[in-house]
Amino acid sequence: MENEILLYTTDTCPYCTQAKKFLTEQGLPFQEINVQADYAEAQRLVEQTGQMGVPQIKVNGNWVLGFDPQAILTFARITL
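Read on for an overview of the structure. (Residues numbered from 1 in each chain as written. Predicted model: local features only at pLDDT ≥ 70, side-chain atom pairs only at ≥ 80, totals over all residues. Heavy atoms only, no water.)

Quick word on the environment of Gln56
Point 1. The topology assignment puts Gln56 in strand β3 (residues 56-59).
Point 2. Sequence spacing of Gln56 and Cys16 is 40 residues, and the spatial spacing of their C-alpha atoms is 8.5 Å.
Point 3. Leave out the neighbours within four places in its chain, and Gln56 touches Leu6, Leu7, Tyr8, Leu45, Thr49, Gln51, Trp63, Val64 and Leu65. (Helix = DSSP H or I, 4+ residues; strand = E, 2+ residues; numbered from the N terminus. Contact = heavy atoms within 4.5 Å.)

This is the structure we're talking about:
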């Protein structure tokens, strides 16, 4: 079963860069949404989470606020 991972980022966020690197290293495909470039997505993100900070990562319907590798892996379906 495929994971659905949405990674909300900005251009200047070092933790966003770490999150992208981690997801790539784990072989977890993700869709990046740059809220700095897309105001509508930024608004939608705040409405859904109540948070303005990034990264925010939605993994199979579960929100991970900030770069938290353990939480990402908890919600991701890993196939060996």
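Next comes the rest of the description.
What about helix α2 (residues 39-49)?
Point 1. If you check which residues of α2 are buried, you get Glu41, Ala42, Leu45 and Thr49. Down the axis of α2, the buried side of the element spans an arc of 105 degrees, and every buried residue falls inside it. Along α2, exposed side chains directed more than 90 degrees from the buried face belong to Tyr39 and Glu47.
Point 2. Elements in contact with the buried residues of α2: β1 (5-9), β2 (31-34), β3 and β4 (62-65).
Point 3. Near the N-terminus of α2, the side chain that reaches the backbone nitrogen of Ala40, with its oxygen 3.2 Å away, is that of Asp38.
Point 4. Immediately downstream of α2, the backbone of Gly50 shows phi near 75 degrees, a positive value. (Buried < 20%, exposed > 50% of the residue type's maximum accessible area, 1.4 Å probe, protein only. Arc of directions from axis to C-beta. Polar contact = N/O pair within 3.5 Å; in protein donor to acceptor, adjacent residues only side chain to side chain.)

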